[in-house]
Amino acid sequence: MSDTSVTPRSIPDRLQSPAARLLASWELLLLVVAVAIFIANSLASPYFLNAWNLSDATFNFTEKAMIAFAMALLIISGEIDLSVASIIALASTAMGAAASVGFGTPTLVLIGLATGLACGAFNGVLVTRMGLPSIVVTIGTMSLFRGISFIVLGDGAYRDYPSDFSYFGQGYVFWVISFEFVLFAALAVAYYVLLHRTNFGRTVYAIGNNVTAAQFSGIRVERVKFILFLLTGLMSGVAAICLTSRLGSTRPSIGTGWELEVVTMVVLGGVSILGGAGSIPGVVIAAFVMGLVTFGLGLLNVPGIVMSIFIGLMLIGVIALPRVWKAWRA
Amino acid sequence: MQMSVESRQFDDVQAGAPVLELRDITKTFPGVKALDGVSLELYPGQVTALIGENGAGKSTLVKTLTGIYQPDGGAIHVAGEPVVFATAQDAAAAGITAIHQETVLFDELTVAENIFIGHAPRGRFGLIDWTAMRSRAREILARIDAELDPDTPLRELGIASKHLVAIARALSVDARVVVMDEPTAALSHKEIEELYDLVDRLKAEGRAILFISHKFDEIFRIADRYTVFRDGTHVGAGLMADVTEADLVRMMVGRDVNQIFPERRKAPGDEVLKVVGYAHPTEFEDINFTLRRGEILGFYGLVGAGRSEVMQALFGITKPSKGVTRIDGQITVIRSPARAVEAGIVYVPEDRGKQGAVIGLPIFQNVTLPSLGRTSRNGFLRLSEEFALARHYTDRLDLRAAALDQDVGNLSGGNQQKVVIAKWLATKPRVIILDEPTKGIDIGSKAAVHAFMAELAAEGLAVIMVSSEIPEVLGMSDRVIVMREGRIAAELEGDALTPETLVRHAAGIGAPA
């Protein structure tokens, strides 16, 4: 025993193979849940297994998931942005105002993205430059951004969008495959690469696990966090374009409550709310799970309020289950 | 000074019998047998030193003793009766209390609240009886000669006073067994002496003390008995009077350790770093020094002399209010650690767990973190390159780990330190600053770190070593800067470098007449 510890030994790269790791992963468990819900839905309602119905179902999550990808990185880094739904409202209002004075679709898209970026930059400056806690800052900007939207619109609404603007939320690329779904898939791949395959993604994990040691290791922590706030703002702008295009109108209440659904999606996807852990595949599967549940319950004519109760219970359940499981095994 | 020691006897313990006995304790973690059939006996009114290298199982034993871990096998007896500590509360109820290296107290609560947390005196309706709590706190504090106000919030106290509060807490539960886990690690010389007095008093009151320390002078000063662990096994126990330091070292490492520092040829090269007029509003002032290639420059001083603060300013963590850094003669402005790393200055911090290792990330990712630019292509990770780089440097440091993708948090302190050093060497630095590089690590790892420092200097790296251990400072440094109260008190070299001169300058005592 003591002899082996004296001789130098070569340390293997990995203790477990990547395949073994996958088998024990949260993502796989979530995938099983998704498949189970899919089967349950198809048994419960005869209308479920229909290509167009399923295509419709994806609209339940595609826009929220776009924000959830950026939010996942932000939460892994130990920060959070609760103003995302309000950024949607502000970006949508800005686009509506521009549309009402006759700007065309390309300009509207740019305005939507720019508003998102500006809001993200505002949050980012307050958190990284002034050192304020992000939860407080973004609760503040949550009221601020939507408040501006309310001042501009009041009881009114913007409806004068150019006809080609509707493509983002209502267009189909091929058969039942919507533009939004294609965008969702492309962004999923992009964020997967960013988080899991680049130096930037690695620094996000390092910051989330130990911000001091990350800084002491020469990582520009403030810069990384600022970029993450920018990305989250930008994705809120993208979601605003899709949602506004789909609804064809802007009211100040657009997207109300989405911040919690986005955070739910991220946490359900296995991202640690304390930071440091999580993955994009997890968030993708969580998006499908949430979409399937809401759609399935909708087909069964379950009222919206019951759905949100169900989503809430599901969230608490998935967070509690691993702990209960560990306690039971110990 | 009044000594109102109520010499409480624990009647259920027979004279000469141990108050606490652990028999054949085994504890296994995934992949590691942390404790393999160890035993330990603690006697009332005696100090037992628990000795062993890092990773020998000392911490695991303490956690077993205090109910944090449950052993897989073996038995614990208190006063001859078998007991099971299912929770930390069970152990506390049996009169076992622990004072940790970094005290686990509550900064936002007062001294009295800290002393009585969990067992505050209750009045009517089960509410806390604040008057009784204060007066009993005052009583206990007086018993240990601690001049502390029970109403002071803990965050206003220094580390030594916090230890006193922890000890007062131990007395308040009438602990019959007090575990002290490296209690002197963060204390000054004077505070250590006061702690020794306190230990003597606890002995006089008939309490059994388990004292864990890496410092042999300390062990010989206060322990009555010893128990030695190695690799999770029990290798020896007995009376301190019967052993020598060499005996204990042999038991710890299972071989004779050459305590001599590595032989070094002193041939400092060109000047790499020059610090001129560094100042900080509160921490330090008028700091000037130079550093050459191949040189080891020691920084000695008492805790709080401002050594770490100077180093952190040099590394871009805190901003000096005045002063210039020149690297190879060029003025270099370092505003962030990122900039410092680019300029070739790296810093191995004293606080490994908080500032050094990114606990939660695997070993190889810790090593490559500042070198991602080299292991990646166009910003995209290349894992095979990362493993290769990590393997190169961890092999060189003789890291002990199960796999390179293991969480660095699962390693012992000495091995975490190796990961942090490997991380910096991988950046190919010009200047490496080591802040208390061997603090709290075992003799074996210590010798390895010393040998490695000598090797680095021989390769032409410029090394700054901040250390509070005189043998280390004398054994390793070419030149020593002594700091006191934020200023450079002396720069010593050659014959002027003796234990006496170091201590005199650090304490501000003039040269002997």
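In this text the structure is predicted, and so the values were computed from the model without any measurement.

J.: Any chance you could explain the overall build of chain B here in plain terms?
T.: Across its full length, chain B carries 18 helices and 20 strands. On C-alpha atoms alone, chain B measures out to a radius of gyration of 25 Å, which is about the 24 Å that the 2.2 N^0.38 rule sets for 513 residues. If you line up chain B on its principal axes, its C-alpha atoms span 70 × 50 × 50 Å. Accessible surface computed for chain B: about 22300 Å², of which carbon and sulfur atoms make up 49%. Once the 56 positive and 70 negative side-chain charges of chain B are each reduced to a mean point, those two points are 5 Å apart.

J.: Just to check I follow, could you spell out the pattern of salt bridges for this structure?
T.: Side chains that carry opposite charge are capable of pairing whenever their charged atoms lie near each other. Using the criterion set out here, one finds 26 salt bridges over all chains in the structure. In this structure, Glu436(B) and Arg307(B) form a salt bridge, with 3.8 Å as the shortest nitrogen-oxygen distance. Within this pair, whereas Glu436(B) is found in the loop between strand E17 (431–435) and helix H16 (443–458), its partner Arg307(B) is found in helix H9 (residues 307–314), the two being separated by 129 residues in sequence. One exposure class covers both Glu436(B) and Arg307(B), and it is buried. Across the pair Asp351(B) and Lys354(B) runs a salt bridge whose closest N-O atoms are separated by 3.8 Å. Since its relative accessible area comes to 57%, Lys354(B) is described here as exposed. Through salt bridges that share partners, Glu63(A), Glu180(A) and Arg246(A) make up one connected network.

J.: Would you explain the interface of chain A and chain B in this entry?
T.: Frequently, the measure chosen for interface size is the accessible area removed from exposure when the parts meet. Taken together, the 32 residues of chain A in the interface contact 47 residues of chain B. Carbon and sulfur atoms supply 53% of the area that chain A and chain B bury against each other, a total of about 3200 Å² over both sides. Among the residues of chain A in contact with chain B, Ile11(A), Arg202(A) and Phe216(A) are the three that bury the most area, contributing 27% of the side total. Taken together, the connections running from chain A to chain B amount to three salt bridges. One salt bridge connects Glu342(B) with Arg220(A), and the closest N-O pair in it is separated by 3.3 Å. Taken together, the connections running from chain A to chain B amount to 14 residue pairs in polar contact (both at pLDDT 80 or more). Elements that contribute at least two residues to the side of chain A that touches chain B include exactly helix H1 (2–6), helix H10 (179–197), helix H11 (199–209) and helix H12 (211–216) of chain A. Across the side of chain A that touches chain B, the residue classes break down as twelve nonpolar, 13 polar and seven charged.

J.: Help me understand the sheet that holds strand E8 (residues 208–212) of chain B, please; the structure alone is not making it clear to me.
T.: By way of backbone hydrogen bonds, the strands of a sheet pair with one another, either parallel or antiparallel. Residue and element names in this part refer to chain B. Spatially, the six strands line up as an open sheet ordered E6-E7-E8-E3-E9-E10, and their pairing is mixed. A strand with exactly one partner marks an edge of an open sheet, and here the two such strands are strand E6 (96–99) and strand E10 (233–239). Looking at each pair of strands side by side, their axes are set apart by 20° on average, direction ignored. Lying on the sheet, helix H5 (residues 159–172) is in contact with E6 and strand E7 (177–181); it crosses E6 at an angle near 180°. Sitting on the sheet, helix H6 (residues 189–204) is in contact with strand E3 (47–51), E7 and E8, with an inclination near 150° to E8.

J.: Where do I start with the packing of aromatic side chains in this structure?
T.: In this description, a pair of aromatic rings is defined by centroid distance and the angle of the planes. Residue and element names in this part refer to chain A. This model, assessed by the stated rule, comprises 22 aromatic pairs over all chains. Between the aromatic rings of Trp52 and Tyr172, the centroid separation amounts to 5.4 Å while the plane-to-plane angle is 70°, which identifies the pairing as edge-to-face. Taken together, the residues Trp52 in helix H4 (residues 51–58) and Tyr172 in strand E1 (residues 172–174) connect sequence positions 120 residues apart. Ring geometry for Phe61 against Phe288: centres 4.9 Å apart, planes inclined by 55°, an arrangement best described as tilted.

J.: Looking at this structure, how should I read unusual backbone geometry?
T.: Glycine aside, a negative phi is what most residues show, and trans is what most peptide bonds show. Positive phi values are uncommon outside glycine, yet Asn301(A) reaches one of about 60°. Position of Asn301(A) relative to the elements: it lies in the loop between helix H15 (280–299) and helix H16 (304–329). Phi at Glu485(B) is positive, roughly 45°, even though this residue is not glycine. Within the secondary structure, Glu485(B) sits in the loop between strand E19 (479–484) and strand E20 (487–493).

J.: Explain the nonpolar core here, please?
T.: Proteins that are soluble and globular tend to have nonpolar side chains buried together. Of all hydrophobic cores here, the largest spans 94 residues; its most connected members are Phe69(A), Met71(A) and Tyr191(A). Leaving out residues up to four positions away in the same chain, Met71(A) has contacts with Ile80(A), Asp81(A), Val84(A), Thr232(A), Val262(A), Val263(A) and Val266(A). Listed in part, the 69 residues of the second largest apolar core include Ala340(B), Val408(B), Ile421(B) and Trp424(B).

J.: Whenever I open this one, H6(B) confuses me. Can you help?
T.: An α-helix turns once per 3.6 residues; consequently, residues spaced three or four apart project the same way. Residues and elements named next belong to chain B. The end-to-end C-alpha distance of H6 is 23 Å, a good match for the 22 Å that 16 residues give at a rise of 1.5 Å each. Within H6 the residues assigned to the buried category are Ile192, Leu195, Tyr196, Leu198, Val199, Arg201, Leu202 and Lys203. The secondary structure elements touched by the buried residues of H6 are E3, helix H4 (130–143), H5, E7, E8 and helix H7 (216–222). Looking one or two residues beyond H6, the residue adopting positive phi is Gly206, at roughly 85°.

J.: Explain the sheet that holds strand E16 (residues 345–348) of chain B here, please?
T.: Residues and elements named next belong to chain B. A sheet is described by the order of its strands in space; here six strands give the open sequence E16-E17-E18-E13-E19-E20, paired in mixed fashion. The outermost strands of the open sheet, each flanked by one partner alone, are E16 and E20. Averaged over all neighbouring strand pairs, the angle between strand axes comes to 20°, with direction disregarded. Strand direction decides the pairing type here: E19 and E20, joined by six bridges, are antiparallel. In the sheet register, Arg484 faces E20, and the bridge partner there is Arg487. Each of strand E13 (296–301), E17 and strand E18 (462–466) is contacted by H16, which is oriented at about 150° to E18, the strand it contacts most.

J.: Looking at this structure, how should I read the environment of Val176(A)?
T.: Residue and element names in this part refer to chain A. For Val176, the location among the structural elements is in the loop between E1 and strand E2 (177–178). The class for Val176 is buried, based on a relative accessible area of 9%. Here the alpha-carbon distance between Val176 and His196, two residues 20 residues apart in the chain, equals 30 Å. When near neighbours in sequence (up to four residues on either side) are disregarded, Val176 contacts Ala51, Trp52 and Ser55.

J.: Help me out: how do you make sense of helix H14 (residues 383–396) of chain B in this one?
T.: Here H14(B) is 14 residues long and its end C-alpha atoms lie 20 Å apart, about the 20 Å a rise of 1.5 Å per residue gives. Burial in H14(B) covers these residues: Glu386(B), Phe387(B), Leu389(B), Ala390(B), Tyr393(B) and Thr394(B). In an axial view of H14(B), the angular spread of the buried residues amounts to 165°, which keeps them on one side of the axis. On its buried side, H14(B) packs onto H11 of chain A together with helix H12 (363–368), helix H13 (372–375) and helix H15 (413–425) of chain B. The first or second residue beyond H14(B) is Asp398(B), which carries a positive phi of 55°.

J.: Is there a simple way to explain the confidence of the model for chain B in this structure?
T.: Close reading of the predicted structure is inappropriate where its pLDDT is low. Here chain B averages 85 in pLDDT, and 92% of its residues register 70 or above. A low-confidence stretch, residues 1–9 of chain B (pLDDT under 50), is modelled with ten contacts involving residues beyond four sequence positions or located in other chains.

J.: Where do I start with the packing of helix H5 (residues 62–76) of chain A against helix H13 (residues 221–247) of chain A in this structure?
T.: Working note: a packed helix pair is described by the angle between its axes plus the distance between those axes. All names here are of chain A. Contact pair H5 / H13: the axes reach a minimum separation of 8 Å and the direction vectors enclose 175°. Considered as vectors, H5 and H13 are oriented roughly antiparallel to each other. Facing Glu63, Met66, Ile67, Ala70, Met71, Leu73 and Leu74 of H5, the residues of H13 in contact are Leu228, Phe229, Leu231, Thr232, Met235, Ser236, Val238, Ala239, Cys242, Leu243 and Arg246. Across the contact of H5 with H13, the residue classes tally to 14 nonpolar, two polar and two charged.

Calculation rules
- Sequence positions are assigned chain by chain, starting from 1 and proceeding in written order.
- Following the order in which they are written, the chains are lettered starting with A and the ligands numbered starting with 1.
- Confidence filtering applies because this is a predicted model: local features only for residues at pLDDT of at least 70, side-chain atom pairs given and counted only at 80 or more, and all residues used for totals across whole chains, interfaces and linings.
- Excluding hydrogens and water, the side-chain figures rest on all heavy atoms present in the structure.
- Numbered from the N terminus, helices here are DSSP runs of H or I no shorter than four residues, and strands are runs of E no shorter than two.
- The globule rule used here is 2.2 Å times the number of residues to the 0.38 power, and the radius of gyration it is set against is calculated over C-alpha atoms.
- Areas reported as accessible are Shrake-Rupley estimates using a 1.4 Å probe. Residue values count occlusion only from the protein chains shown.
- Counting rule applied: Lys, Arg positive; Asp, Glu negative; His and chain ends not counted.
- Charge placement uses NZ in Lys and CZ in Arg. For Asp and Glu, CG and CD serve respectively.
- Criterion for a salt bridge: a side-chain nitrogen of Lys or Arg within 4 Å of a carboxyl oxygen of Asp or Glu.
- Relative accessible area decides the class of each residue, using a 1.4 Å probe on protein chains only: under 20% of the type maximum gives buried, over 50% gives exposed, and in between gives partly exposed.
- Contacts were defined at the residue level, with two residues in contact if any of their heavy atoms lie within 4.5 Å.
- Buried area adds together the accessible area that both of two parts lose upon being put together, with accessible area traced by a 1.4 Å probe.
- Any pair of N or O atoms that falls within 3.5 Å is considered a polar contact. Within protein, one atom must be able to donate a hydrogen and the other to accept it, and sequence-neighbouring residues count only if both atoms are side-chain atoms.
- Only Asp, Glu, Lys and Arg are considered charged, only Ala, Val, Leu, Ile, Met, Phe, Trp, Tyr, Cys and Pro nonpolar, and every remaining residue, Gly among them, polar.
- Strand pairing requires that DSSP identify at least two bridges connecting the strands.
- Simply put, an axis is a line fit to the C-alpha atoms, just over the touching stretch for a helix, and the angle between two N-to-C directions goes from 0 to 180 degrees.
- Any two rings among Phe, Tyr and Trp, with Trp reduced to its six-membered ring, count as a pair given centres within 6.5 Å; such a pair is stacked if its planes are under 30 degrees apart, edge-to-face if over 60, and tilted if neither.
- Throughout, nonpolar core names a set of buried Ala, Val, Leu, Ile, Met, Phe, Trp, Tyr and Cys residues whose side chains join them through atoms within 4.5 Å.
- Expected span, for any helix, means 1.5 Å times one less than how many residues it has.
- Each C-beta atom gives one direction from the helix axis, and the arc is the one those directions make.
- Across the chain, each position has a pLDDT score giving the predictor's confidence in that residue, from 0 to 100.
- The scheme is simple: roughly parallel for angles under 35 degrees, roughly antiparallel for over 145, roughly perpendicular for 65 to 115, oblique for anything else.

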